[in-house]
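Chain by chain, the residues run as shown.
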Amino acid sequence: MLEFWALTSKGVEELLADEIRQQQGEVLKVTMGVVRFKADIKVAYKLCLWSRLATRIMRLIQSEPVTADSDVYQIASKIDWGQLMSVRQTLATECVGKHPTIDNTQYGSMRLKDAIVDQFREESGQRPDVDRLTPDMRFQVRLEKHYFHFLQDFSGPSLHQRGYRAGQGDAPLKEHLAAALLKRSGWSSDKPLFDPFCGSGTIIIEAALIARNAAPGLTRDSFAFERSPGHRAAVWQQVKDEAKAALLPNSSEVRFWGSDTDERALSKARQNAARAGVAQVIHWDYADATALKQPVTAEPGVIVTNPPYGERLGDLPSLIPLYSKFSLALKQHYQGWRLAIITSNSDLLRALRLSKHKSYKFTNGPLDCDFTLFDLTEKQVQVSSDAPSLFFNESSSFGNRLAKNLKQLQKWAKREGVSCYRLYDADIPEYNVAVDWYDGEVVVHEYAAPATVDEQVSQKRLFDVVNQVPVVLGISSEHMVLKVREKQKGTKQYQALAKAGQYKEVSEYGAKFWVNLRDYLDTGLFLDHRITRHLIQQQAKGKKVLNLFAYTGSASVHAALGGATSVTTVDMSNTYLDWAKRNFMLNGLSGKQYQFEQADCLQWLSRCREQFDLIFVDPPTFSNSKRMEDNWDVQRDHVGLLNSLIARLSPGGKVIFSNNKRRFKMDTAALLDSGWQVKDMSAATLPEDFKRNPNIHVCFELIRK
């Protein structure tokens, strides 16, 4: 009897152990991702050919007890590698685990390789070549505290590769995991199977192969053990012949159904099914899982599916209604069926409004997932409301407050000629979000929760927020954008999130702007500075205006519309200066009197010789951009910045200075000493929609004595 290690994904181990026992292997130990077992050579061959759940099968060469000082090279040199390969064969080595003498697994792999090739060189004067991609023989050392385990790759390339899938669809599910889900779902080959988010068809095709009793490895070109010196070719041929004889003919009727809204994925699914030899028992359909009209068959069966579950928090607005509508469709047409669904965001299952029967843990690639079973009983399908399903009853208080704010602010905004404004700003501390209205679309910013708040609770509250916003505001989920706002420093202050490239026109006080709701943490328009911008418009007539740290130039647009004789817009970012230029074009503003300068504002000031009548300066709270000579801190550096404007300010000129640092303290005494008169305009420039949060910004007016 030989010892083998069967490798698999986390969550599949016990299923794999049962599979090994069914093939007459003796299971020794089950650990995370590994099942150790004993078997004779025929059983080992059968497992390579028949395992639906293993990714690799390794043969144990030797386990050596070690200490903290043990060296892989010295231990590996004790093994007779000439018994395991010939010098004419190529090899590759791997290392898994940790040990005090191994800094990293690459180094451990190199030490193993050196031990093997040095032994051959000493004994024959020749050494085998290394081929990392397609070696004849692959060896692995697994490092543990008390043992080094040396293993030979017995099966070869990952066993999940059945050979029928030419390419991956989106969110691919590996074949061995699909087989595991089918096992856990309770499906058997006498039951209909339906996957309404089938993608490239892996779940359905695996089920069809199981129904045919098709050995997954029959279509492989070769296995690693066929290149081993001790390979038993006659035994292997017998195992293959038995597998071919066990193959059942395809059913004469369709028993498997797969549907999706991605035509390219469906095309791949059809091709994959044809390559797998099961095309005739599967019906593929272009259909929306949220709009199912009738069951695929009158006989109740099992739905096993891997719907979209997103990898970013910002995906929630589109996913919650998808799960909710999918559930409603199932309740209307699939009573008596079982639903088995895998997701990496178990909170999304809340939108199904179903009571779970059972749940299992798996990993799908890098993602930890829940695989949850629901029985669509008569009682379950009666819950058919599409109202938001909330984790916490008290979450309705958020929805009520949002509705109240909307009612109060809508008339005000129309009266003021403002199409974008803040509806909610952490009014209820437990629901720590901001909700901004942009003329029919909404951006929800989640503020980073304090360390004292449990992350799971915070996530569930956010789910409840996202679930209510479209309903309260009367918009579709596609018009809601979710962003996580954390404290940003330096170059991250305008961090890009995506590249959707969707710009939307909004307006305030006669000025029009392009905003981008999806690509950046900020949208291109700071709503809390609305009154400050209007103030600049009202004071700009006949004046030369300078806008420093200009961002997308919204204050510059207001100055130009207010009749400024010239407007100079300075920012370090070409992206935002280009955006500012587009804002000018949107308002029909052009001419040499409008200048745009891409520069570090502090450096630009040091070389500027021009004077201005009105200077607006709205610096970041902090910056350590590589394009700046030094880092910037508005609390520490604001006096120096404002004093550098003295030479740039025309006689009788004015500076408007603002920033968004919480608890900012203006050093009035130092500024008075420098000859400034300072007037606090913070309260006067606080817009109506921000009065719930008076600390959102500070604003000061400065003139020379």
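Computed from a predicted structure; not experimentally measured.

Regarding unusual backbone geometry
Among all residues save glycine, negative phi is the norm, and among peptide bonds the norm is trans.
Here's step 1: At alanine 426, a residue that is not glycine, the phi angle is positive and equals roughly 50°.
Here's step 2: Tracing the chain through its elements places alanine 426 in the loop between β15 (420–425) and β16 (433–438).
Here's step 3: Located in the positive-phi region is tyrosine 551, a residue other than glycine, with phi close to 60°.
Here's step 4: Its place among the elements puts tyrosine 551 in the loop between β21 (544–548) and α14 (554–561).
Here's step 5: Here tyrosine 551 falls in the buried class, since its relative accessible area comes to 4%.

Examining helix α1 (residues 13–22)
Here's step 1: Among the residues of α1, Glu13, Leu15, Leu16, Ala17, Glu19 and Ile20 are the ones counted as buried.
Here's step 2: Contact partners of the buried residues in α1: β1 (2–7), β2 (26–31), β3 (34–39), α2 (41–50) and α5 (175–185).

Thoughts on the sheet that holds strand β24 (residues 612–617)
Here's step 1: Taken in spatial order, the seven strands line up as β23-β22-β21-β24-β27-β29-β28 in an open sheet, and their pairing is mixed. Of all the strands in the sheet, just β23 (594–598) and β28 (676–680) have a single pairing partner and so form its edges. Across the sheet, the mean angle from the axis of one strand to that of its neighbour is 15°, orientation sign disregarded.
Here's step 2: The pairing of β21 with strand β22 (residues 566–571) spans five bridges and is classified as parallel. Looking across to β22, one finds that lysine 544 is bridged to serine 566.
Here's step 3: Running over the sheet, helix α15 (residues 574–586) touches β22 and β23 and is turned about 165° from β23.
Here's step 4: Packed on one face of the sheet, helix α17 (residues 634–643) meets β24, β27 (649–659), β28 and β29 (698–704) and runs near 165° to β27.

Notes on the pairing of strand β14 (residues 367–375)
Here's step 1: Examined bridge by bridge, strand β12 (residues 338–343) and β14 share six bridges and lie antiparallel to one another. Within β14, the position partnered with alanine 340 by the bridge is leucine 373.
Here's step 2: Joining the antiparallel neighbours strand β13 (residues 358–364) and β14 is a turn of two residues, in which glycine 365 adopts a positive phi near 65°.

Some points on the environment of leucine 649
Here's step 1: By the secondary structure assignment, leucine 649 is in strand β27.
Here's step 2: A relative accessible area of 5% places leucine 649 in the buried class.
Here's step 3: With 20 residues separating them along the chain, leucine 649 and alanine 669 place their C-alpha atoms 20 Å apart.
Here's step 4: When neighbours within four sequence positions are excluded, leucine 649 is seen to be in contact with Gln611, Phe612, Asp613, Ile615, Lys654, Val655, Trp676 and Arg704.

Concerning the packing of aromatic side chains
Here's step 1: Across all of its chains, the model carries 30 aromatic pairs by this definition.
Here's step 2: On the basis of an interplanar angle of 20° and a centroid distance of 5.6 Å, the ring pair of phenylalanine 4 and phenylalanine 37 is categorised as stacked. On the criterion of sequence distance, the pair formed by phenylalanine 4 in strand β1 and phenylalanine 37 in strand β3 is long-range, its members being 33 residues apart. In this structure, phenylalanine 4 and phenylalanine 37 share a single accessibility class: buried.
Here's step 3: Between tyrosine 334 and tryptophan 337 the ring centres are 5.1 Å apart and the planes differ by 75°, which places this aromatic pair in the edge-to-face class. Each of the two residues, tyrosine 334 as well as tryptophan 337, counts as buried.

A few points about helix α4 (residues 105–124)
Here's step 1: Between its terminal C-alpha atoms α4 stretches 29 Å, which fits the 28 Å expected from 20 residues at 1.5 Å a residue.
Here's step 2: All buried positions along α4 are accounted for by Gly108, Ser109, Arg111, Leu112, Asp114, Ala115, Ile116, Val117, Asp118, Gln119 and Phe120.
Here's step 3: Here α4 starts with a cap whose side-chain oxygen sits 3.1 Å from the backbone nitrogen of glutamine 106, and that cap is asparagine 104.
Here's step 4: Downstream of α4 by one or two residues, glycine 125 has phi in the positive range, about 80°.

Things to note about the state of the cysteines
As used here, a disulfide is simply a covalent bond connecting the sulfur atoms of two cysteines.
Here's step 1: Going through the model one piece at a time under the given rule, you end up with zero disulfides.
Here's step 2: As a non-bridged cysteine, cysteine 608 has cysteine 601 as the owner of its nearest cysteine sulfur, 11 Å distant.
Here's step 3: Exposure remark for cysteine 608: the relative accessible area of 8% places this residue in the buried category.
Here's step 4: No disulfide involves cysteine 699; its nearest neighbouring cysteine sulfur is the one of cysteine 601, lying 17 Å away.
Here's step 5: For cysteine 699, a relative accessible area of 1% translates into the label buried.

Describing the pattern of salt bridges
Here's step 1: The tally for this structure, following the rule as stated, stands at 30 salt bridges.
Here's step 2: Ionic pairing is found between lysine 42 and glutamate 242, a salt bridge with its closest N-O pair at 3.4 Å. Linking lysine 42 in helix α2 with glutamate 242 in helix α7 (residues 233–246), this pair joins segments that are 200 residues apart in sequence.
Here's step 3: On the basis of relative accessibility, which here comes to 25%, the residue lysine 42 falls in the partly exposed class.
Here's step 4: The class of glutamate 242 is partly exposed, set by a relative accessible area of 35%.
Here's step 5: A salt bridge links arginine 533 to glutamate 508, with the nearest nitrogen and oxygen atoms 2.7 Å apart. Taken as a pair, arginine 533 in helix α13 (residues 530–539) and glutamate 508 in strand β19 (residues 504–508) lie far apart in primary sequence, 25 residues in all. There is no split in this pair, since arginine 533 and glutamate 508 are both buried.

Cut-offs applied
Residues numbered from 1 in each chain as written. Predicted model: local features only at pLDDT ≥ 70, side-chain atom pairs only at ≥ 80, totals over all residues. Heavy atoms only, no water. Helix = DSSP H or I, 4+ residues; strand = E, 2+ residues; numbered from the N terminus. Buried < 20%, exposed > 50% of the residue type's maximum accessible area, 1.4 Å probe, protein only. Contact = heavy atoms within 4.5 Å. Pairing = 2+ DSSP bridges. Axes fitted to C-alpha atoms, helices over the stretch in contact; angles between N-to-C directions. Phe/Tyr/Trp six-rings, centres within 6.5 Å; stacked < 30°, edge-to-face > 60°. Expected span 1.5 Å × (residues − 1). Polar contact = N/O pair within 3.5 Å; in protein donor to acceptor, adjacent residues only side chain to side chain. Disulfide = S-S within 2.5 Å. Salt bridge = Lys/Arg side-chain N within 4 Å of Asp/Glu carboxyl O.

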